[in-house]
Amino acid sequence: MATISKRKDSWFVQVRRKGFTPRYRSFASKAEAESWAREQETKIDTRQASRVQPEVLQSTLGALIERYKATISPTKRSKDSEVLRLSKMQRHPISSLAIGKVSPAAVSAYRDDRLREAKPGTVRRELSLLHHIFDTAHKQWGLYLGTNPVTEVRQPKVRDQRSRRLSPDEQERLEAALSVCRNKQIKLVVQFALETAMRRGEILALTWDYIDLWARTAHIPETKTDNPRTIPLTSNAADILRSIRKDEGKVFDVTIDSLKAAWKRGRNRAGIQDLRFHDLRHEAISRLFELGLSIPEVALISGHKDPRMLFRYTHLSSEVVRDRLDSLMSS
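Just so we're clear, the structure is a prediction, and the values are computed from it rather than from any experiment.

The end-to-end C-alpha distance of helix α4 (residues 79–90), which contains twelve residues, comes to 16 Å, matching closely the 16 Å that a straight helix rising 1.5 Å per residue would cover. Buried within α4 we find Glu 82, Leu 86, Ser 87 and Met 89. Angularly, the buried residues of α4 cover 155° about the axis, an arc narrow enough to put them on a single face. Among the exposed residues of α4, those oriented more than 90 degrees off its buried face are Asp 80 and Leu 84. Buried residues in α4 make contact with α3 (61–71), α5 (104–115) and α6 (120–139).

Here it is as structure tokens:
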């Protein structure tokens, strides 16, 4: 990509392209600068084209995704969800294109199609995954496919910050609705989430090897941020664990699919609108701040490293803050 800027009495040109040495030059006129920039970009394009393997470009994007799904996805903790995402991508018309035809315009069209049925955050993750597939083909498999077509595609803006709080009445109705579930641990999972601010995956992966009921702590060895943490357990959280005490294995005999289905049914049965399981983490963190815990104390429990991200999960009740102000001013 060439950049042309005016510097005093001359025009300065920068030509940058990943994998090539940057080129610079100054000219007396803008026309000369533009002509030189086009010439340099043509030379770079010619060199890139000579490195591309024609037989590889004739293969389809779907085949490239399949190779990634078979060799790279299994090495990730999020392999199950990633395989589902890749399979959905393979059902889109873009996967039938020859790799050489997957241009920024084609990726942009894919983005626009997906935005009609998925949220911007989901589409951003899909584009990021597609970008990594092309990078992996080049860096790990030795398949030079030209420039990565996703690099030049504008990412959709994400505005998914939520301020959803769970009211006491909603919590009571939700727990009552979950009490009739065939798996009695579904309600316990929800209660445990509100007591610990743990993510859904962290709760379902929790094993008795990492629980210390005497010290009232739970160790979480694998987290979304790759930073293991040990959190203190409230007395209520410890009581939940004591109610299902086993000697080994996973703490909760609940699968991700059964939790998703039971959550949806229970929420609908309770007549609660616009509540996601992840909102329980928001609620738990907000409650911790309302109890008076400091930012480092809450971060120890939630696992956030950036206070700005922690604040995104925090939505204090104005009534609670008002009562604390009254208490402090009267003391």
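From this point on, the discussion continues.
Another aspect to go through is the pattern of salt bridges. This structure, assessed with the given rule, holds 14 salt bridges. Of the charged contacts in the structure, one is a salt bridge between Glu 66 and Lys 69, with a shortest N-O distance of 3.4 Å. One end of the pair, Glu 66, and the other, Lys 69, are both in helix α3, three residues apart, so they sit about a helical turn from each other. Looking at Glu 66, the relative accessible area reads 38%, which means it is partly exposed. Taking the relative accessible area as the measure of exposure, Lys 69 reaches 15% and is therefore buried. The closest approach of N and O atoms between Arg 114 and Glu 126, which form a salt bridge, is 2.7 Å. Of this pair, Arg 114 sits in helix α5 while Glu 126 sits in helix α6, and the two are twelve residues apart along the sequence. Residue Arg 114 shares its accessibility class with Glu 126, and that shared class is buried.

Let's shift gears to the packing of aromatic side chains. Within this structure, the stated rule accounts for three aromatic pairs. Relative to Trp 36, the ring of Phe 27 has its centre 5.7 Å away and its plane inclined at 50°; by these criteria the two rings are tilted. Like Phe 27, the residue Trp 36 is buried in the burial classification. The aromatic ring of Phe 12 is capped on one face by Arg 7, whose charged end is 3.9 Å from the ring centroid. The ring of Trp 141 is capped by Arg 67, whose NZ or CZ atom sits 4.2 Å from the centre of that ring.

With that settled, the discussion passes to the nonpolar core. Buried together is how nonpolar side chains tend to be arranged in soluble globular proteins. Within the largest apolar cluster, 39 residues are counted, with the highest numbers of intra-cluster contacts made by Phe 192, Ile 211, Leu 241, Val 251, Phe 252, Phe 277 and Leu 280. Breaking this core down by element, the ones donating at least two residues are α7 (168–178), α8 (185–196), α9 (200–205), β5 (217–220), α10 (235–243) and α11 (256–269). Considering each element in turn, this core owes the most residues, seven residues, to α8. If near-sequence neighbours (up to four positions away) are discounted, Leu 241 is found in contact with Phe 192, Trp 208, Ile 211, Leu 213, Leu 233, Val 251 and Phe 252. In this structure, Ala 118, Leu 130, Ile 133 and Val 150 belong to the second largest nonpolar core, which totals 25 residues.

On to the sheet that holds strand β1 (residues 2–7). The antiparallel open sheet is built from three strands, whose spatial order is β1-β2-β3. Pairing within the sheet leaves two strands with one partner each, and these edge strands are β1 and β3 (23–27). Pairwise comparison of adjacent strand axes, ignoring direction, gives a mean angle of 20° for this sheet. As defined by bridge partners, strand β2 (residues 10–15) adjoins β3 across five bridges and the pair is classed as antiparallel. Bridge assignment links Phe 12 to a residue of β3, and that residue is Ser 26.

As a further point, take the packing of α3 against α6. The N-to-C vectors of α3 and α6 enclose an angle of 85°; their axes lie 10 Å apart at closest approach. For the element pair α3 / α6, the angle class is roughly perpendicular. For the pair α3 and α6, contact is made by Leu 61, Leu 64, Ile 65 and Tyr 68 and by Leu 129, Leu 130, His 132, Ile 133, Phe 134, Thr 136 and Ala 137, respectively. Among the residues forming the contact of α3 with α6, the class breakdown is nine nonpolar, two polar and no charged.

What counts as what
- Position numbers for residues count from 1 along each chain, tracking the sequence in the order it is written.
- Only residues with pLDDT of at least 70 are given local features in this predicted model, and only at 80 or more are side-chain atom pairs given and counted; all residues enter the totals for whole chains, interfaces and linings.
- Values reported for side chains reflect all heavy atoms of the structure, with hydrogen atoms and water molecules removed beforehand.
- Secondary structure elements follow DSSP: runs of H or I of four or more residues count as helices, runs of E of two or more count as strands, with numbering from the N terminus.
- Every helix has an expected span of 1.5 Å times one less than the residues it contains.
- Using a 1.4 Å probe on the protein chains alone, a residue whose accessible area is under 20% of its type maximum counts as buried, one over 50% counts as exposed, and one in between counts as partly exposed.
- When we speak of the arc, we mean the arc of directions from the helix axis to the C-beta atoms.
- Any two residues whose heavy atoms approach within 4.5 Å are treated as being in contact.
- For this analysis, a salt bridge means a side-chain nitrogen from Lys or Arg found within 4 Å of a carboxyl oxygen belonging to Asp or Glu.
- The pairing test for Phe, Tyr and Trp rings, Trp by its six-membered ring, is centres within 6.5 Å, and the orientation test on the planes gives stacked under 30 degrees, edge-to-face over 60, and tilted for anything in between.
- Only Lys NZ and Arg CZ are tested; either one counts as a charge over a ring when it is within 6 Å of the ring centre and within 35 degrees of the ring normal.
- Take the buried Ala, Val, Leu, Ile, Met, Phe, Trp, Tyr and Cys residues and link them wherever side-chain atoms come within 4.5 Å; each set so joined is a nonpolar core.
- Strand pairing is assigned whenever DSSP detects at least two bridges linking the two strands.
- Axis lines are fitted to C-alpha atoms, over the contacting stretch for helices. Their N-to-C directions set the angle, which ranges from 0 to 180 degrees.
- Orientation is classified from the angle alone, with under 35 degrees giving roughly parallel, over 145 giving roughly antiparallel, 65 to 115 giving roughly perpendicular, and any other angle giving oblique.
- Under the scheme applied here, ten amino acids are nonpolar (Ala, Val, Leu, Ile, Met, Phe, Trp, Tyr, Cys and Pro), four are charged (Asp, Glu, Lys and Arg), and all others, including Gly, are polar.

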